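This is what each chain is made of:
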Amino acid sequence: MTETLFCEWFDSPVGDLVAVADDTHLRVLGFEDDGSPADRLERQRRRLGGDVIATGNAITTATGRQLKAYFAGERFDFTLPLSPAGSEFEQKVWAELLKVPLGETCSYGDIARNVGGMETVRAVGKANGANPIAIVIPCHRCIGLDGSLTGYGGGLWRKKFLLRHEGEMRPVGLFAL
């Protein structure tokens, strides 16, 4: 018997987003650039290999509310229950990404040092690219050692937008929180 997953789409300043959740946890938050609603739903069914329905649920609704507040500059963190599918190593990388504060960045090397040593830098990059919960697990905050905006699955324009947006939300200096 396959698990039922609930799917809901949201408009955002970085394009359409899709949230997929089970009864208790957010499983996917991704960018949706093209296709009819039926095509988009079928893509999620193929990707997740389960029964995905387009009705949403309490978790996807909470995701939409928190995203709206985040993009309005009113929410600085997310309080959603997460359950991204990934290997043990990917889970470690994503857990480290969740520690990077809003308005700050880290390098792939910073993450590698915390999950297995510098020899894992390429694997960290791959795990970053495999992150199924964009924005909430802030893989956009991971940049090159030289400060460059290296690859981003949603496109570099989105990474740049998210980093600028978060930079504007977080005051620095004397008036920082």
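The name given to the protein in an unreviewed UniProt entry is Methylated-DNA--protein-cysteine methyltransferase, with the source organism recorded as Ciceribacter selenitireducens ATCC BAA-1503. Quoted verbatim from the Sequence similarities (unreviewed entry) field of UniProt, the annotation for the protein is "Belongs to the MGMT family." In UniProt, the protein has this text filed under Subcellular location (unreviewed entry): "Cytoplasm".

Novice: Help me out: how do you make sense of the sheet that holds strand β3 (residues 26-32) in this one?
Specialist: Overall, mixed pairing links the four strands, which are arranged β3-β2-β1-β4 in an open sheet. Bordering the open sheet on either side are β3 and β4 (51-53), each of which pairs with just one other strand. Averaged over all pairs of adjacent strands, the angle between strand axes in this sheet comes to 25°, irrespective of strand direction. In this fold helix α2 (residues 58-71) packs onto β1 (4-10), β2 (16-21) and β3, with an angle of close to 145° to the strand it touches most, β2.

Novice: Explain the UniProt feature "domain: Methylguanine DNA methyltransferase ribonuclease-like" (unreviewed entry) in the protein to me, please; I cannot follow it from the model alone.
Specialist: As recorded in UniProt, the feature "domain: Methylguanine DNA methyltransferase ribonuclease-like" (unreviewed entry) lies at residues 6-84. Helix makes up 33% of residues 6-84 and strand makes up 27%, while its end C-alpha atoms are separated by 15 Å.

Novice: Would you mind showing me how to read the pairing of β1 here?
Specialist: Looking down a regular strand, the side chains alternate between one sheet face and the other. Here β1 pairs with β4 via three bridges, running parallel. Residue pairing for β4: Leu5 is matched across the bridge by Val52. The pairing of β1 with β2 spans five bridges and is classified as antiparallel. Each bridged residue has a counterpart across the sheet, and for Phe10 the counterpart in β2 is Leu17.

Novice: Is there a simple way to think about the side chain of Glu32 in this case?
Specialist: In this fold, Glu32 is placed in strand β3. Leave out the neighbours within four places in its chain, and Glu32 touches Trp9, Asp16, Val18, Arg40, Arg43 and Gln44.

Novice: Can you help me understand the packing of helix α4 (residues 108-115) against helix α5 (residues 121-129) in this one?
Specialist: The geometry of a pair of packed helices is captured by two quantities: the angle between their axes and the separation between those axes. Contact pair α4 / α5: the axes reach a minimum separation of 9 Å and the direction vectors enclose 105°. Viewed along their axes, α4 and α5 adopt a mutual orientation that is roughly perpendicular. Here Tyr108, Gly109, Ile111, Ala112 and Val115 of α4 come into contact with α5, specifically with Val121, Val124, Gly125 and Asn128. Here the residues of the contact of α4 with α5 sort into six nonpolar, three polar and no charged.

Criteria and cut-off values
Counting starts from 1 at the beginning of each chain's written sequence and moves along it residue by residue. Per-residue local features of the predicted model are confined to residues with pLDDT of at least 70, and side-chain atom pairs are confined, for both listing and counting, to 80 or more; whole-chain, interface and lining totals are unaffected and use all residues. Side-chain measures here rest on the full set of heavy atoms in the structure, leaving out hydrogens and waters. UniProt positions are given in the numbering used here, feature names are shortened, and annotations may be inferred rather than shown by experiment. Being paired, for any two strands, means DSSP has found at least two bridges between them. Starting at the N terminus, helices and strands are each numbered in turn, a helix being any DSSP run of H or I of at least four residues and a strand any DSSP run of E of at least two. Lines fitted to C-alpha atoms define the axes here, with helix axes fitted over just the stretch in contact, and angles between the N-to-C directions of these axes take values from 0 to 180 degrees. When checking whether two residues touch, look at their non-hydrogen atoms; a contact exists if any pair is within 4.5 Å. If an angle is under 35 degrees, it is roughly parallel; if it is over 145, roughly antiparallel; if it lies from 65 to 115, roughly perpendicular; otherwise it is oblique. Asp, Glu, Lys and Arg are counted as charged, while Ala, Val, Leu, Ile, Met, Phe, Trp, Tyr, Cys and Pro are counted as nonpolar; the rest, among them Gly, fall into the polar class.

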